[in-house]
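Summary of structural features
What follows is the residue order along each chain.
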Amino acid sequence: MINKDNIDYVSEIKRLKKKKNVIILAHYYQTGDIQDIADFVGDSLALSQKAASNDAEIILFAGVRFMAETAKILSPEKKVLIPDMNARCSLADSCKAEDFKKFIENNPGRTVITYVNTNIDIKVLSDIICTSSNAVQIIESLPVDIKILFGPDRNLGNYIMNKTGRDIIVWNGACHVHEEFSLEGILKLKQENPEAKVIVHPECKLPVRMVADYIGSTSALIKFAKKDDAASFIVGTEPGIIHQMKKENPSKKFIPAPPRDSTCGCNECSFMKMITMEKIYRCIRDERPEIMIDPDVIKKASIPINRMMEISEKLGL
Ligand code: SF4
């Protein structure tokens, strides 16, 4: 791809990647061109595992900031780069450390389990981290009488509570993308495409989850779309995921679930989409912006993340 500066980003990124021993990790919500240039594309759990086990000297994270921070916690000796430091996450930012600390203090005696979509100061306050791929299994692996405090996503929390039947209280946070899907829009699409299966992420609101044929994490949705016999799917998560779905199933049809406001394009994650090929090129060339975290904070935040990794490994996830 030649741009206005006359630089072929794809070949330049490939050249610099090899020269500097860089691995590019990309989330499924990145644009298709970025997914195609990445060495590895995955969900938060798979990306964390990859960050912890690779020989590259530099990790470039095409995703949002909490993901790059997680990579740094798991590989503190490596240089971890993010093409745009402002690529944050509305869900992570809906949970501020001072308020969450009070929430924990007001509900003593509970095991604090937080979703990986949190800023590092929340991870430090947590006992175990989970992702949407492993949340249910991690909670089910704990003794039944353990009381849980979960954050920050109220929809994922509600989903886990219903699935596990455990005693869980949930922080009232949400993702601006997954909360925006329109139930009416999905039902209209279903009427127009009666054969299509509705597949959604557990961060969606309950009414949307209730009309779904399947609910799962990004990687679970991709697997389901591959193995299921349906020829078309209405997809209730960030539409970047459709790139992988189409690559794996060229003959199947994938329809993005619409947001409530059809003019806003807000079923796309504006933070994920801050990452561009141009920014990746500049980031790999200049080796900045770099994620820098105090080693003591890394040490504290690595404890709940490592517990997640250990439990996931033990459960074969
Ligand atoms: S889609 Fe939602 S949860 Fe995911 S990064 Fe964007 S704001 Fe955060």
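For the structure, see preceding data.
Below, the structure is looked at part by part. Predicted model, so just to flag it, every value in this text is computed and none were measured.

1. Some details on the nonpolar core
- Judged by nonpolar contacts, the single largest core of 98 residues is most densely connected at I13, F150, I160 and M245.
- Core analysis: the second largest hydrophobic core is formed by eight residues, C95, F103, I122 and W171 among them.

2. What to know about the packing of aromatic side chains
- The final tally for this structure, using the stated rule, is seven aromatic pairs.
- For the ring pair Y9 and Y281, a centre distance of 5.5 Å and an interplane angle of 35° mean the geometry is tilted. A residue pair is termed long-range when its members are at least 10 positions apart, and Y9 in helix α1 (residues 9-20) and Y281 in helix α14 (residues 277-286) qualify at 272 residues. No difference in accessibility class separates Y9 from Y281, as the two residues are buried.
- When the centroid spacing of 6.2 Å and the interplanar angle of 40° are considered together, the rings of F100 and F103 count as tilted. Of the two residues, F100 and F103 are both situated in helix α6 (residues 97-106); the distance of three residues between them amounts to about one turn of the helix. By the burial criterion, F100 is buried, and F103 matches it.
- One aromatic cluster in this structure is built from Y214, F224, F233 and F254.

3. What to know about the site of the ligand
- Close to the ligand lie Y29, V64, C89, S90, N117, C175, H176, V177, E203, C269 and M272, which account for all nearby residues.
- For the shell around the ligand, the class distribution of residues is seven nonpolar, three polar and one charged.

4. A look at the side chain of K72
- Along the chain, K72 turns up in helix α4 (residues 65-74).
- Although buried, K72 forms no salt bridge, and the nearest oppositely charged side chain, E290, lies 4.5 Å from it.
- Look past the residues within four positions of K72 in its chain and what remains in contact with it is K78, V80, I291, I293 and I298.

5. Some words on the environment of I160
- Looking at where I160 falls in the secondary structure, it is placed in helix α9 (residues 154-164).
- Of the residues examined, I160 reaches a relative accessible area of 1% and is grouped as buried.
- On a C-alpha basis, the gap between I160 and S44 in space is 18 Å, while along the polypeptide they are 116 residues apart.
- The contact partners of I160, leaving out residues within four places of it in the chain, are A135, V136, I139, F150, G165 and I168.

6. Topic: helix α3 (residues 44-52)
- Buried residues of α3: S44, L45, L47, S48 and A51, and no others. The buried residues of α3 occupy an angular sector of 165° when projected down its axis, which confines them to one face.
- Buried residues along α3 sit in contact with β1 (22-27), β2 (40-42), β3 (58-62), α4 and α15 (295-314).
- The backbone nitrogen of A46 lies 3.0 Å from a side-chain oxygen of the residue at the head of α3, namely D43.

7. So, the pairing of strand β12 (residues 253-256)
- Bridging between strand β11 (residues 232-236) and β12 involves four bridges; their strand directions are parallel. Among the inter-strand pairings, F233 is bridged to a residue of β12, identified as F254.
- Following the chain from β11 across helix α13 (residues 242-248) to the adjacent parallel β12, one finds a crossover that is right-handed.

8. Some remarks on the pairing of β1
- Among the six residues that make up β1, six are buried, leaving the element largely enclosed by the rest of the structure.
- Across five bridges, β1 lies against β3 in parallel orientation. Directly across from A26, in β3, lies its bridge partner A62.
- Here β1 runs beside β2; their pairing, made up of three bridges, is parallel.

9. Comments concerning the state of the cysteines
- Evaluated as defined, the whole model comprises one disulfide.
- Residue pairing for C264: its cysteine sulfur links by disulfide to C266, the two sulfurs lying 1.8 Å apart. When the S-S torsion is -60°, as for the bridge of C264 with C266, the disulfide is left-handed.
- On the basis of relative accessibility, which here comes to 34%, the residue C264 falls in the partly exposed class.
- Assessed through its relative accessible area of 18%, C266 is described here as buried.
- Cysteine C204 remains unbridged, with the sulfur of C175 as its closest cysteine sulfur at 8.4 Å.
- Look at C204 and you get buried, because its relative accessible area is 0%.

10. A look at the pattern of salt bridges
- Tallying each qualifying case throughout the model produces 16 salt bridges.
- A salt bridge links E69 to R65; its shortest N-O distance comes to 3.9 Å. Of the two residues, E69 and R65 are both situated in helix α4; the distance of four residues between them amounts to about one turn of the helix.
- Here E69 falls in the buried class, since its relative accessible area comes to 11%.
- The salt bridge partner of R260 is E180, with a shortest N-O separation of 2.9 Å.

Conventions adopted
Residues numbered from 1 in each chain as written. Predicted model: local features only at pLDDT ≥ 70, side-chain atom pairs only at ≥ 80, totals over all residues. Heavy atoms only, no water. Core = buried A, V, L, I, M, F, W, Y, C linked by side-chain atoms within 4.5 Å. Buried < 20%, exposed > 50% of the residue type's maximum accessible area, 1.4 Å probe, protein only. Phe/Tyr/Trp six-rings, centres within 6.5 Å; stacked < 30°, edge-to-face > 60°. Helix = DSSP H or I, 4+ residues; strand = E, 2+ residues; numbered from the N terminus. Near = heavy atom within 4 Å. Nonpolar A, V, L, I, M, F, W, Y, C, P; charged D, E, K, R; others polar. Lys, Arg positive; Asp, Glu negative; His and termini not counted. Salt bridge = Lys/Arg side-chain N within 4 Å of Asp/Glu carboxyl O. Contact = heavy atoms within 4.5 Å. Arc of directions from axis to C-beta. Polar contact = N/O pair within 3.5 Å; in protein donor to acceptor, adjacent residues only side chain to side chain. Pairing = 2+ DSSP bridges. Right-handed = clockwise from strand over helix to strand, strands pointing away. Disulfide = S-S within 2.5 Å.

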